[in-house]
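# An overview of the molecular structure
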Amino acid sequence: MTRTGRRGRLWGGASIAAAVVLAVALYWLQPWKLWQDETVREELPAAAAPSAPGASADVPGAPATPVTVARGTLISHEHSTTGTVELIRLPDGSHTLRLADLDTSNGPDLRVWLTDAPVKEGVAGWRVFDDGKHTSLGKLKGNKGDQNYPVPADVNLADFSSVTIWCDRFDVSFGAASLAAV
């Protein structure tokens, strides 16, 4: 085999390897999401209808309309993040977490978490939320707007004091809010 032939095969193999590495990096990082916005405009959910005959949607002591029981303001961590967080009790006794006027960057594998971690400003707060107790309420529906996340009935809300928009891919908080009782 000639020297030129070996060089050609070497360059061909290197090109294929570089293309594979680039494809994997693009899939993993998904940089295009930083320039794509997904806006969600959900209304506050109504209480669930009774599921059993004779059951009542009213829970003793529950208000007839949704009530905000805790509230917080989002601060920025890894990405600029603004908006408010409300923990709302619905007339049927269930709870939902509402993100209002959310504005953050889009990213790969973003989640909404309830956590027991204190919210810290700056870089010190970027990675604290997976150190203790946390529960995922699901994937972030959009990086802008108003959205609701039902809180599972078996979640003890007294165990959680904050909310984070968590990037599961890179284990970092995009933004977070402390929940204060109203």
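Let us look at the structure shown here. (Residues numbered from 1 in each chain as written. Predicted model: local features only at pLDDT ≥ 70, side-chain atom pairs only at ≥ 80, totals over all residues. Heavy atoms only, no water.)

## Things to note about the overall build of the protein chain
Convention followed: Helix numbering and strand numbering both begin at the N terminus, where a helix is a DSSP run of H or I of at least 4 residues and a strand a DSSP run of E of at least 2. Buried, partly exposed and exposed residues are distinguished by accessible area as a fraction of the type maximum, computed with a 1.4 Å probe on protein chains only: under 20%, between the cut-offs, and over 50%, respectively. Computed with the Shrake-Rupley method and a 1.4 Å probe, the accessible areas treat only the protein chains shown as cover for residues.
When you go through the protein chain residue by residue, the secondary structure sums to one helix and eleven strands. In the protein chain, the order of α-helices and β-strands from amino to carboxyl end is α-β-β-β-β-β-β-β-β-β-β-β. Counting across all 182 residues of the protein chain, residues that qualify as buried make up 35%. Accessible area of the protein chain: about 10300 Å², with a carbon and sulfur share of 58%.

## Quick look at the packing of aromatic side chains
What counts here: Each aromatic pair joins two rings of Phe, Tyr and Trp (for Trp, the six-membered one) with centres within 6.5 Å, and gets the label stacked for planes under 30 degrees apart, edge-to-face for over 60, and tilted for any other angle. Each ring is checked for a lysine NZ or an arginine CZ that lies within 6 Å of its centre and within 35 degrees of its normal; such an atom marks a charge sitting over the ring.
Going through the model one piece at a time under the given rule, you end up with two aromatic pairs. Consider the rings of W113 and W166, whose centres lie 4.8 Å apart with planes at 20°: the pair is stacked. Taken together, the residues span a long stretch of sequence, with W113 in strand β6 (residues 110–115) and W166 in strand β9 (residues 162–167) at a distance of 53 residues. The class of W166 is buried, set by a relative accessible area of 0%. Ring-pair connections join several aromatic residues into one group, and the members of that group are W113, F129 and W166. Here the basic side chain of K141 rests over the ring of Y149, its NZ or CZ set 4.7 Å away from the ring centre.

## Notes on the pairing of strand β10 (residues 172–178)
Stated formally: One requirement defines pairing of two strands: DSSP has to find at least two bridges between them.
Across the seven residues of β10, six count as buried, placing the element largely inside the fold. The pairing of β9 with β10 spans six bridges and is antiparallel. Paired with C167 across the bridge in β10 is V172.

## Details of the nonpolar core
Here is the rule: We call a set of buried residues a nonpolar core when its members are Ala, Val, Leu, Ile, Met, Phe, Trp, Tyr or Cys and they connect through side-chain atoms within 4.5 Å of each other. Contacts are residue-level and defined by heavy atoms, with any inter-residue pair within 4.5 Å sufficient.
Among the nonpolar cores identified, the biggest contains 23 residues, and V85, L97, V112, L114 and L140 are the most heavily contacted of them. Looking at this core, the elements that each hand over two or more residues are β4 (82–89), β5 (95–103), β6, β8 (144–151), β9 and β10. Beyond its immediate chain neighbours, meaning those up to four positions away, V112 contacts L97, L99, T135, S136, L137, G138, L140, Y149, V163 and T164. Counting residues in each nonpolar core, the second largest holds six residues, with A117, F129, W166 and A176 among its members.

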